[in-house]
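What the coordinates show
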Amino acid sequence: MTSVGAPAHPHSDNGFARARRAFRAWRRTRPFWAGLLVLLAAAPIIYFPYFNLSLGALSVAMSTTAGAGSLVIGLTLIVLGGLLWFQPIIRFFAGCVAVFLGVVSLPISNFGGFFIGTLFAATGGLLALAWGPVNTTDDTEEPPGRAGE
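This section reports on the structure supplied with the text.

Parameters at a glance
Residues numbered from 1 in each chain as written. Predicted model: local features only at pLDDT ≥ 70, side-chain atom pairs only at ≥ 80, totals over all residues. Heavy atoms only, no water. Helix = DSSP H or I, 4+ residues; strand = E, 2+ residues; numbered from the N terminus. Expected span 1.5 Å × (residues − 1). Buried < 20%, exposed > 50% of the residue type's maximum accessible area, 1.4 Å probe, protein only. Axes fitted to C-alpha atoms, helices over the stretch in contact; angles between N-to-C directions. Parallel < 35°, antiparallel > 145°, perpendicular 65-115°, else oblique. Left-handed = near helix turned anticlockwise from the far one by under 90°. Contact = heavy atoms within 4.5 Å. Nonpolar A, V, L, I, M, F, W, Y, C, P; charged D, E, K, R; others polar. Core = buried A, V, L, I, M, F, W, Y, C linked by side-chain atoms within 4.5 Å.

Under the 1.5 Å per step criterion, the end-to-end length of helix α2 (residues 32-47) is 23 Å for 16 residues, consistent within 8% with the ideal 22 Å. All of the buried residues in α2 are Phe32, Ala34, Gly35, Leu37, Val38, Ala41, Ala42, Pro44 and Ile45.

Here you go:
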């Protein structure tokens with residue numbers, strides 16, 4: 001009995017492995033990490049202006065007049081992160097707007113969520129700008145019109 005026709009990973013055909021491969025294939029066709037960082041940038045930008053901390057009888061509130069601006073910036077970053085995942089064709093626009101909103105959140109939203117939101121938004125936006133779709137053509141082919149030179 002030989003193992004010539006046996007699969008290399010006999011237990012890899014279960015549902016989890018199939019879903020993992022499908023997710024990996026989906027993730028590689030779009031700026032996934034850029035979208036994730038832009039989504040994560042929204043959390044501190046939205047959270048800190050509405051933050052309340054109770055230490056016994058002492059209540060510390062970070063509520064500022066910039067709460068509405070922080071909410072608009074955070075919700076826009078959430079939309080941009082989703083668009084980067086589901087509409088990768090607009091990655092350049094979404095990346096530019098994410099970097100812009102990250103910088104604008106510095107004066108509006110408690111130093112951009114204490115710099116955490118600003119760093120995530122800028123990094124995610126720059127990753128979106130740098131991402132490009134994979135070229136499916138074979139690199140060994142010669143360019144058209146250059147054959148025989």
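There is more to say after this.
At a minimum axis separation of 8 Å, helix α4 (residues 91-108) and helix α6 (residues 116-130) run at an interaxial angle of 160°. When the axes of α4 and α6 are compared, the pair comes out roughly antiparallel. Along this stretch, α4 crosses α6, giving a crossing that reads as left-handed. Together, Arg91, Phe92, Gly95, Cys96, Ala98, Val99, Gly102, Ser105 and Leu106 of α4 and Thr118, Ala121, Ala122, Gly125, Leu126, Ala128 and Leu129 of α6 make up the contact between the two elements. When its residues are assigned to classes, the contact of α4 with α6 shows 10 nonpolar, 5 polar and 1 charged.

The next point concerns the nonpolar core. In terms of nonpolar packing, the biggest core is built from 14 residues, with Val38, Ile73, Leu77, Leu80, Leu84, Ala98 and Leu101 touching the most fellow members. Among the secondary structure elements, those contributing two or more residues to this core are α2, α3 (67-86), α4 and α6. Sorting elements by how many residues they give to this core places α2 first, with 5 residues. Ignoring sequence-local partners within four residues, the contact set of isoleucine 73 consists of Ile45, Leu101, Val104, Ser105 and Ile108.

Our next topic: the environment of glycine 112. Turning to its location among the elements, glycine 112 is positioned in helix α5 (residues 110-114). With relative accessibility at 0%, the residue glycine 112 sits in the buried group. With 64 residues separating them in the primary sequence, glycine 112 and phenylalanine 48 have C-alpha atoms 9.1 Å apart. With near-sequence residues (within four places) excluded, glycine 112 lies in contact with Ile45, Ser105, Leu106, Gly117 and Thr118.

Now for α4. Because each turn of an α-helix spans 3.6 residues, side chains separated by three or four positions in sequence point in the same direction. Between its terminal C-alpha atoms α4 stretches 25 Å, which fits the 26 Å expected from 18 residues at 1.5 Å a residue. Looking at the buried side of α4, the elements it contacts are α2, α3, α5 and α6. After α4 finishes, the residue asparagine 110 shows a positive phi value of roughly 45°.

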